[in-house]
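# Observations on the three-dimensional arrangement
Residues per chain are reported as follows:
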There are 2 protein chains.
Amino acid sequence: MAPAAEKDLISHVQLSEPMKLPPGTSLHTFQTFIDRVIQCCGAENVSIISKCDKLVDGHYMNPCKGHDMHAIYDRDYFLASAVICPRDVPEVQMLMRLCNEFEVPAWPFSIGRNTGYGGAAPRVSGSVCLDLGRHMNRVLDVNVEGAFALVEPGVTFFDLHEYLEEHDLRKHVWLDVPDLGGGSIIGNAVERGVGYTPYGDHWMMHCGLEIVLPNGELVRTGMGALPDPTIPAAEGLRPDQQPGNRCWQLFNYGFGPYNDGIFTQSSLGIVVKMGIWLMPNPGGYQAYMITLPRDNDLAAAMDIIRPLRMQMVLQNVPTLRHILLDAAVHGPKSSYTAKSEPLDDADLDEIAKKLDLGRWNFYGAVYGPEPIRSVLLSVIKTSFLSIPGSRFFLPEDRHEPNSVLRTRANTLQGIPSVDELKWVDWLPNGAHLFFSPITKISGADAEAQYAITKKRCTEAGLDFIGTFVVGMREMHHIVCIVFDREDPKSRTKAHWLIRTLVDDCAKHGWGEYRTHLALMDQIANTYNFNDGAQMKLNEQIKNALDPKGILAPGKNGIWPKGYNKATWVI
Amino acid sequence: MAPAAEKDLISHVQLSEPMKLPPGTSLHTFQTFIDRVIQCCGAENVSIISKCDKLVDGHYMNPCKGHDMHAIYDRDYFLASAVICPRDVPEVQMLMRLCNEFEVPAWPFSIGRNTGYGGAAPRVSGSVCLDLGRHMNRVLDVNVEGAFALVEPGVTFFDLHEYLEEHDLRKHVWLDVPDLGGGSIIGNAVERGVGYTPYGDHWMMHCGLEIVLPNGELVRTGMGALPDPTIPAAEGLRPDQQPGNRCWQLFNYGFGPYNDGIFTQSSLGIVVKMGIWLMPNPGGYQAYMITLPRDNDLAAAMDIIRPLRMQMVLQNVPTLRHILLDAAVHGPKSSYTAKSEPLDDADLDEIAKKLDLGRWNFYGAVYGPEPIRSVLLSVIKTSFLSIPGSRFFLPEDRHEPNSVLRTRANTLQGIPSVDELKWVDWLPNGAHLFFSPITKISGADAEAQYAITKKRCTEAGLDFIGTFVVGMREMHHIVCIVFDREDPKSRTKAHWLIRTLVDDCAKHGWGEYRTHLALMDQIANTYNFNDGAQMKLNEQIKNALDPKGILAPGKNGIWPKGYNKATWVI
Ligand SMILES: Cc1cc2nc3c(=O)[nH]c(=O)nc-3n(C[C@H](O)[C@H](O)[C@H](O)COP(=O)(O)OP(=O)(O)OC[C@H]3O[C@@H](n4cnc5c(N)ncnc54)[C@H](O)[C@@H]3O)c2cc1C
Ligand SMILES: Cc1cc2nc3c(=O)[nH]c(=O)nc-3n(C[C@H](O)[C@H](O)[C@H](O)COP(=O)(O)OP(=O)(O)OC[C@H]3O[C@@H](n4cnc5c(N)ncnc54)[C@H](O)[C@@H]3O)c2cc1C
């Protein structure tokens, strides 16, 4: 009956007209889709971001789920139509099938604390965001003998750490954590994020995935593709419930093409389980800091770091931090100065003096029994202390509140915190963007990249805040662009700054390892060797696995064939 | 004119009628194809394996190029129609285009010393084999500061080692080598082969690829996709000649999906350049051997190895070798016994006594300055020597000719040799097949896998010869099935043995990491979680990148859509 149907429709509209519809989707289709989603996941697990809602950022501990908490455009520029919280793997599979049926794009995230890189927002407004971590948050296994864990998307670094603590397992195995502990172990690894112990390259340390493909199929990679008939059976268990092969978390490659990498920084699948290697408790540990007094000590330090890191004398992923990163952890800009313009050398010297730190500060740790540690430490000390004025500190040497060294002494042994979140408040209404180019570990390169980024920061009227995160043979130079999210001018400056830096760096042959939604097209376009051959390859694979382009369209600059790329890129 | 055309055809037939034509290709089409290939690569770089040829195996130093030197079927079972040696990257691209045009399958190899896994033979008879290493064999770069090399397919471990020696670079960087030095660095890495220094996982240690896709497109992966405008220009240089980004060999992941893995054990592309990390000279080195007297010391040793390896006290990829592997290096079976049946415990004890070795022999090395080495060695000694009767040897303790420890003291510091080739001659007309399942590093698992493989070897009337190669958290158990290639019965037994072992091991949840052409289908089929979901994914990608299925059809069990899989699998 028409009137009844219309009434239904009206009540729906009232309940759920979203602020943004998926592209090309009518309100009616959207609502039919949402009805089907509700049948799948339950109404309590579906929330429409409706026309009447106010977009509230929340804060790190309680982040918003449909837009970017640190938006650099308006909050509704990257905005979900709805947030859906699937309760298990079959629901994720069903959601992929529904998205295909209705041609509605979906943007999966695990926790949504991806600040500086887009937070929980989708690239295409009107996408449905899939909040995987809300319900799928079990630590499925911690295996001490094999030193690994198997986790679901919602397991944060804090969660796994607490699990280890509760079960008294840290005497056997340590976790690797990024600066903040609230992120998802899966979310961070699939974005190829980094931490600071010897296991800092999270992607390298993953082992085995379970993935829902855009067509809804469920795949286990590596040895996970091999059933183990000796494991007590699993009569009637769904595939995702079946116990994994005993080597699934021990050996990554399996047999045939090694596919795992294509599921990172990608729109080819939803990772629903991941193995991660834990570091065997090294039987001894010592964190330290070395302060370097002068701006141009950067170059000398880098040329000391390179050989030591490659030799594994520097066993962990150490960082060389600019004074303002540490200063910002201790207090906002206003606590140091009344200036609004960027600080100059004299200001920085004064701050360094006040905090008893260097212009650059190096944080590392040694691992192992005492005799090993002392050999390593003596090499490290001798090498760095050749820089005039440099000083060596142990955590117990520092007595200031919120000592960065004391925080890092935890981080570098895998104990998570949120202490470093404080630097985001350098400016009022502090928000941030990460600019993160890859560089050779060398004095000349570090100096050149620092000069360029610092110059542009100054032109933008912003302070340079940054750190060099030292991998095996390269550095992730992480420039923390802090802005005032309530001040449109500040946002514009930050946005101008990062766009300019991407171009500047491309001219030097430097590219970024990861980026914010707003920069994905620009950066993808710098990786354009041989007429964009890599992008063509990426698009071919994308179109084959997701012909309707429903999973994370636009992610990392990859646009499915149904999207007119020219009109979508920004 | 018909008669002239016919004459042409006849002269061609005489010159070049191949023993096997590509499937579905007429002789006429094949000859037109070969004409076009000759126009591309020059007649001197094309050889037809003609009806009149005798298939000669050659030997390791001079291997045959169109069939398997260690064939387990008849020599012509896996046989190329022709071998083509492209001279450069554009020729490889052109060959891909020609193969597409004529729908002729191509099987690329770098050197063709892949014995035990199929040698230089193609999976589909009649394929053209592309001998990449013949001309494309330059060491393009050895960078000491970044500790890496950039190589072409034809660069063998010997070649790069000699390059390091000639340029006096071993004081700065070491290579990692497998047991034999004659393989291709690229060919070995893309098959995910292993060596024995701390850099033994060759695929993990690769950094950056240049690849020709099946459609002839040229891609650089990782940072290689980012041009570097600061490098002195390259006016008019072809894409493959352009200097790479300075971070190409420093950082693997680049931006967006990390694609490299899909080009391993795969039929998705031809690798024409690869970066490989070299190990900084550790500043000290000591190889050693620990002999274990009894068969069942295996379990105890494994449970000692696991924690030491995970802690990196065992820094390298060590091996625990069965007595017969070492014995076979010292001499053929006939030099020990007149028996033809498998040796029993008493025989093995006698051989061990004669060689002054254990039933199992553990080979490792420590790296670094003296104080580090001595701490590590003392832990290693104390741990292993808890096994009654075990003994510790340094290379200088061994005085026999062809001492395995002395060879391994070279291998474990990256100095290549062919010494270990000798075990292949355990039987007359010695040939071999590798059976290589992945196992957990544990006494119970090693014991179980050893029992099963040994039992089946005995049933086949063959001796168990094997070694456990210890990775980070798993072992590659390499069973060396030696047979007499001129004795059809011996071949049949070897073939029966490996097929049976694949099934046996699958029943225990054990799968192989790599295999011979003849076993690819069977093994791929064991990785069948969730109704073969991984294979479906592999096929989707294969069909997208290679719609005509011209590149290495059937490799690792992946059949392109144009092939009727049911009729092709063996
Ligand atoms: C002060 C500060 C310090 C920081 N320090 C670090 C640091 O040291 N190292 C570091 O790496 N980062 C750092 N970050 C950035 C960020 O907080 C972390 O990377 C965080 O882990 C990312 O958020 P998340 O884990 O909630 O990921 P999510 O937001 O859940 O996911 C991020 C993205 O990954 C993809 N994704 C997530 N889950 C899945 C899935 N299951 N399947 C498929 N795709 C998926 C999606 O594209 C998603 O948008 C820092 C941020 C701040 C504010
Ligand atoms: C006594 C003995 C000991 C051995 N010990 C070891 C060992 O310690 N470790 C080990 O790993 N192996 C070992 N092997 C096996 C083998 O010798 C090596 O793996 C060898 O490196 C493989 O041969 P190759 O390098 O010539 O590869 P190739 O024959 O050139 O290539 C092998 C396969 O890889 C693929 N491929 C090669 N090049 C390319 C390319 N450029 N693009 C795309 N695909 C390509 C093709 O499928 C090809 O068939 C041993 C063999 C013997 C006989």
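Residues numbered from 1 in each chain as written. Chains lettered and ligands numbered in written order. Predicted model: local features only at pLDDT ≥ 70, side-chain atom pairs only at ≥ 80, totals over all residues. Heavy atoms only, no water.

### Overview of the packing of aromatic side chains
Aromatic ring pairs are defined here through the distance separating the ring centres and the angle between the ring planes. Put simply, the rule is: Any pair of Phe, Tyr and Trp rings, taking the six-membered ring for Trp, is counted once the centres come within 6.5 Å. Such a pair is stacked with planes under 30 degrees apart, edge-to-face with planes over 60 apart, and tilted for the rest. Each helix corresponds to a stretch of at least 4 residues labelled H or I by DSSP, and each strand to a stretch of at least 2 residues labelled E; elements are numbered beginning at the N terminus. Categorising residues by exposure relies on relative accessible area from a 1.4 Å probe, with only protein chains included: less than 20% of the type maximum marks a residue as buried, more than 50% marks it as exposed, and the intermediate range marks it as partly exposed.
Across all of its chains, the model carries 46 aromatic pairs over all chains by this definition. Aromatic pair tyrosine 527 of chain A and phenylalanine 255 of chain B: ring centres 5.7 Å apart, planes at 25 degrees, arrangement stacked. Here the residue tyrosine 527 of chain A occupies a position in the loop between helix 13 (520–526) and helix 14 (529–545), and phenylalanine 255 of chain B occupies one in the loop between strand 11 (218–220) and strand 12 (270–277), the pair thus bridging two chains. Using a relative accessible area of 4% as the deciding quantity, one classes phenylalanine 255 of chain B as buried.

### Digging into the sheet that holds strand 5 (residues 106–109) of chain A
Residues and elements named next belong to chain A. This is how the line gets drawn: Two strands are counted as paired when DSSP detects at least two bridges linking them. Only C-alpha atoms enter the line fits that serve as axes; for helices the fit covers just the stretch in contact. Angles between N-to-C directions range over 0 to 180 degrees. Every residue pair with non-hydrogen atoms within 4.5 Å of one another is taken to be in contact.
Taken in spatial order, the four strands line up as 1-4-6-5 in an open sheet, and their pairing is mixed. Strands at the two margins of the open sheet, each flanked by one partner only, are strand 1 (46–48) and strand 5. Each adjacent strand pair in this sheet contributes to an overall mean axis angle of 20 degrees, direction not counted. Its contacts with the sheet place helix 3 (residues 89–102) against strand 4 (82–84), strand 5 and strand 6 (128–131), and it is angled at close to 175 degrees to strand 6.

### Things to note about the relation of the copies chain B and chain A
Heads up, the condition is: Superposing the copies works by least squares over the C-alpha atoms of residues that have pLDDT at least 70 in both of them.
With an RMSD of 0.0 Å, the fit of chain B onto chain A corresponds to turning through 180 degrees and sliding 0.0 Å along the axis. Taken together, the turn and the small shift mark the pair as related by a two-fold rotation axis. Mapped onto chain A, 100% of the interface residues of chain B are again interface residues, and the two copies thus contact each other with one and the same surface.

### Brief notes about the packing of helix 6 (residues 297–310) of chain B against helix 11 (residues 443–459) of chain B
All names here are of chain B. Selection criterion: Should the near helix be turned anticlockwise from the far one by less than a right angle, the crossing is left-handed, and should it be turned clockwise, the crossing is right-handed. All residues other than Ala, Val, Leu, Ile, Met, Phe, Trp, Tyr, Cys, Pro, Asp, Glu, Lys and Arg, Gly among them, are scored as polar; the first ten of these are nonpolar and the last four charged.
Look at helix 6 against helix 11: their axes get within 7 Å of each other, and the N-to-C directions meet at 140 degrees. Both helix 6 and helix 11 take part in a crossing whose hand is right-handed. Along the contact surface, helix 6 presents Leu298, Ala299, Met302 and Asp303, while helix 11 presents Gly443, Ala446, Glu447 and Tyr450. Looking at side-chain class alone, the contact of helix 6 with helix 11 contains five nonpolar, one polar and two charged residues.

### Thoughts on the domain arrangement of chain A
Think of interface size as the accessible area that goes away when the parts come together; that is how it is often given. For clarity, the cut-off: Where each domain begins and ends is defined by an automated method or by a domain database.
The domain architecture assigned to chain A consists of domain 1 (2–131), domain 2 (139–280), domain 3 (285–518) and domain 4 (527–568). Placing a centre on the C-alpha atoms of domain 3 of chain A and another on those of domain 4 of chain A gives a separation of 35 Å.

### Comments concerning helix 14 of chain A
Rule in force here: Helix span is expected to be 1.5 Å times the residue number reduced by one. Bend at a given residue is defined as the angle between two axes, one fitted to the seven residues that end at that position and one fitted to the seven that begin there.
Compared with the 24 Å implied by 1.5 Å per residue over 17 residues, the 24 Å span of helix 14 of chain A between its first and last C-alpha is a close match. In the structure, helix 14 of chain A departs most strongly from a straight axis at lysine 536 of chain A, where the bend amounts to approximately 30 degrees. Taken as a whole, helix 14 of chain A has its buried residues at Phe529, Gly532, Ala533, Gln534, Met535, Leu537, Asn538, Glu539, Ile541, Lys542 and Leu545 of chain A. Tucked inside the fold, the buried residues of helix 14 of chain A contact helix 13 and helix 15 (565–568) of chain A together with strand 11 and helix 14 (529–545) of chain B.

### Considerations on the site of ligand 2
Residue and element names in this part refer to chain B. Under the convention used in this document: Neighbouring residues are identified by heavy atoms, a residue being near a molecule or strand if any of them is within 4 Å of it. Nitrogen and oxygen atoms within 3.5 Å of one another constitute a polar contact, given that in protein one can donate a hydrogen and the other can accept it, and given that sequence-neighbouring residues count only through two side-chain atoms. Note that accessible areas follow from Shrake-Rupley with a 1.4 Å probe, and for residues the cover is restricted to the protein chains shown.
Lining the immediate environment of ligand 2, one finds 32 residues, of which Ser110, Ile111, Arg113, Ser184 and Tyr196 sit closest. Glycine 112 places a main-chain nitrogen or oxygen 3.1 Å from an oxygen atom of ligand 2. Glutamate 191 places a polar side-chain atom, nitrogen or oxygen, 3.4 Å from an oxygen atom of ligand 2. Relative to its unbound accessible surface of 960 Å², ligand 2 loses 97% to contact with the protein. Secondary-structure elements contributing two or more residues to the shell around ligand 2 are strand 5 (106–109), helix 5 (185–190), strand 12 and strand 18 (430–435). Counting residues per element, the shell around ligand 2 draws most heavily on helix 5, at four residues. Within the shell around ligand 2, the residues separate by chemical class into 15 nonpolar, eleven polar and six charged.

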